Amino acid sequence: MSRDVSAKRRSNLVIHLILIAGSVVMVLPFLWMILTSLKTTTEATQIPITLFPAEPSPRGYTDALRQSPFMHYYANTLISAFMKTVFPVIFSAMAAFAFARIRFPGSGLCFFLIISVMMIPNPVFYTPQYLMMSKLGLVNTVTALWIASLVSPFATFLLRQFFLGIPKELEEAAVLDGCNPFQIFSRIMLPLVKSALVAVVIIQLLWSWNELQWPLIINSSPEKLTLSAGLATLVSMFGTDYPVLMAGAFMAVIPMLVLFFMFQRRFIEGVAFSASKG
C-alpha cells in the first residue's frame, strides 16, 4: 500500500514539474514584453541581454500614445468586437434552433452549405467582400470591419449540436401550453444552452479582437484601424524602437487580460464545452 502511495506521489510530482515548466515557458515571453516596454532603446538592443531595466521608464507608452492614434485603435476594436460578438450570437442561435428543431424544405442542403463555409480559408472571401464593401461605399470605414461577419458558421454548427441534445418532450410540453416557436426559442431553449452561448461569446470575442488581415485590407486610414492592424503599422513607424512596440503590444492585450481574470472560470468552461461538442 505504501509503495502505491509513494509511486503515486512521484507521478504527481513529475506531472506538476512538467506543468510548472510549461507555465514558465508560456509566461516568460509575456514577462519579457512588459520588461522591455520599460527599457530604453539602448537597453532593449544591447548585448549581452539584460532582463530588468536599470531605470524603468514609461517613454515607450507615452510615445505609442502620442505618435500614433492608439485610442482610435482601441475604439475601433471595441466597436468591431462588440458587433462581431453580439450579432453572430443572436443570428447564429436563431439559425441553429431552426436547423435543429424546425423542419422545412431544403434544411439539410442549407445546413450543408453553411458547414462548407467552415472548410474554406478566410482569405478566399476577402476579394468578394472587398468588392461588396466598395460598391456599398464602406471602404475605409469602421462599419466595414464588422458588417460582413454578422453570422458565424461555427457558432451555428456548435449551437445546433446543443439544441439537438435537448429532449423533444420539453418542446412538446411548451406547445401544449400555447407557446409559439419564438417563445419556445427564447424562454426554454436559450436558457438550456447557456454554456454553449458562453463558449460562442468567448470564441467570437477572442477571434474579433485578434483579427489582423481584414482590417488591413479594408481600411488604410490610421484612424480606422484596429489594435492588431495598428500594431503592425507601429513596426513601420518606430522600426527597432522595441520599447514602443512592446508597450503597444502590452496595452493591446490589457482588456483581454482583465476579462480573463474576471471570468476565467467561464473562459475555461466555455472552451471545454466547445471542444466537447465541436
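Residues numbered from 1 in each chain as written. Predicted model: local features only at pLDDT ≥ 70, side-chain atom pairs only at ≥ 80, totals over all residues. Heavy atoms only, no water.

Chemist: Can you help me understand the packing of helix H5 (residues 107–118) against helix H8 (residues 153–164) in this one?
Modeler: Helix packing geometry: the angle between the two helix axes and the distance between the axes. At a minimum axis distance of 8 Å, the contact between H5 and H8 shows a crossing angle of 125°. In this view, H5 runs oblique relative to H8, as classed from their interaxial angle. Crossing hand, H5 versus H8: left-handed. Taken together, the residues of H8 that come into contact with H5 (itself represented by Phe 111, Ile 114, Ile 115, Val 117 and Met 118) are Pro 153, Phe 154, Thr 156, Phe 157 and Arg 160. Grouping the amino acids of the contact of H5 with H8 by side-chain chemistry returns eight nonpolar, one polar and one charged. (Axes fitted to C-alpha atoms, helices over the stretch in contact; angles between N-to-C directions. Helix = DSSP H or I, 4+ residues; strand = E, 2+ residues; numbered from the N terminus. Parallel < 35°, antiparallel > 145°, perpendicular 65-115°, else oblique. Left-handed = near helix turned anticlockwise from the far one by under 90°. Contact = heavy atoms within 4.5 Å. Nonpolar A, V, L, I, M, F, W, Y, C, P; charged D, E, K, R; others polar.)

Chemist: How do you make sense of a nonpolar patch on the surface when you look at a structure like this?
Modeler: A cluster of nonpolar side chains, contributed by Trp 32, Ile 47, Ile 49, Leu 51 and Phe 52, occupies part of the molecular surface with about 560 Å² of accessible area. If you trace the backbone, Leu 51 turns up in the loop between helix H2 (41–45) and helix H3 (59–66). A residue is classified by how much of its surface remains accessible, and Leu 51, at 32% relative accessible area, is partly exposed. (Patch = residues over 30% accessible without salt bridge, like charges linked within 9 Å, V, L, I, M, F, W, Y side chains within 5 Å. Areas by Shrake-Rupley, 256 points an atom, 1.4 Å probe, with all protein chains shown as cover. Salt bridge = Lys/Arg side-chain N within 4 Å of Asp/Glu carboxyl O. Buried < 20%, exposed > 50% of the residue type's maximum accessible area, 1.4 Å probe, protein only.)

Chemist: What exactly am I supposed to notice about the nonpolar core here?
Modeler: Within soluble globular proteins, side chains that are nonpolar tend to cluster in buried spots. One finds Phe 70, Tyr 74, Trp 209, Leu 227 and Met 251 to be the most contacted residues of the largest nonpolar core, which totals 22 residues. For this core, the elements supplying multiple residues, two or more each, are H3, helix H4 (70–101), helix H11 (194–210), helix H13 (227–238) and helix H14 (242–262). At eight residues, H14 tops the list of elements feeding residues into this core. Ignoring anything within four residues of it in the chain, the contact list for Met 251 reads Tyr 61, Ala 64, Leu 65, Phe 70 and Tyr 74. (Core = buried A, V, L, I, M, F, W, Y, C linked by side-chain atoms within 4.5 Å.)

Chemist: How should I be thinking about the UniProt feature "domain: ABC transmembrane type-1" (unreviewed entry) in the protein in this particular structure?
Modeler: The UniProt feature table records "domain: ABC transmembrane type-1" (unreviewed entry) at residues 74–263. Secondary structure over residues 74–263 splits into 77% helix and 0% strand, and the C-alpha atoms at its two ends are 21 Å apart. (UniProt positions renumbered as here; feature names shortened; annotations may be inferred.)

Chemist: Please clarify how the packing of aromatic side chains should be interpreted in this entry.
Modeler: Centre distance and the angle of the planes are the two values used to describe a pair of aromatic rings. Taken as a whole and assessed by the stated rule, the structure comprises eleven aromatic pairs. Taking the ring centre of Trp 32 as reference, the NZ or CZ of Lys 39 above it sits at 4.4 Å. The side chain of Arg 160 reaches across the aromatic face of Phe 111, ending 4.1 Å from its centre. (Phe/Tyr/Trp six-rings, centres within 6.5 Å; stacked < 30°, edge-to-face > 60°. Lys NZ or Arg CZ within 6 Å of the ring centre and 35° of its normal.)

Chemist: Mind showing me how you'd approach the UniProt feature "transmembrane region" (unreviewed entry) in the protein here?
Modeler: This chain's UniProt record puts "transmembrane region" (unreviewed entry) on residues 12–35, 78–100, 107–126, 138–159, 188–207 and 244–263. Across residues 12–35, the secondary structure splits into 100% helix and 0% strand, with the terminal C-alpha atoms separated by 33 Å. Counted over residues 107–126, helix gives 80% and strand 0%. Its end C-alpha atoms are 27 Å apart.

Chemist: I keep staring at the packing of H4 against H13 and nothing clicks. Help me out?
Modeler: At a minimum axis separation of 8 Å, H4 and H13 run at an interaxial angle of 155°. Compared by their axis directions, H4 and H13 come out roughly antiparallel. Taking contact as the criterion, the partners of Phe 70, Tyr 73, Tyr 74 and Thr 77 in H4 are, on H13, Leu 227, Gly 230, Leu 231, Thr 233 and Leu 234. Residue composition of the contact of H4 with H13, grouped by class: six nonpolar, three polar and no charged.

Chemist: Looking at this structure, I do not really get the pattern of salt bridges. What am I missing?
Modeler: Should the charged atoms of two oppositely charged side chains come close, the side chains can pair. The final tally for this structure, using the stated rule, is four salt bridges. The closest approach of N and O atoms between Arg 59 and Asp 241, which form a salt bridge, is 2.8 Å. Taken as a pair, Arg 59 in helix H3 and Asp 241 in the loop between H13 and H14 lie far apart in primary sequence, 182 residues in all. Close ionic contact of Glu 211 with Lys 84 constitutes a salt bridge, the shortest N to O distance being 2.2 Å. Taken together, the residues span a long stretch of sequence, with Glu 211 in the loop between H11 and helix H12 (213–218) and Lys 84 in helix H4 at a distance of 127 residues. Of the two residues, Glu 211 and Lys 84, both sit in the buried class. Sharing partners across several salt bridges, the network here consists of Arg 59, Asp 63 and Asp 241.

Chemist: Whenever I open this one, the environment of Leu 158 confuses me. Can you help?
Modeler: Topologically, Leu 158 is positioned in helix H8. Separated by 88 residues in the primary sequence, Leu 158 and Met 246 place their C-alpha atoms 36 Å from one another.

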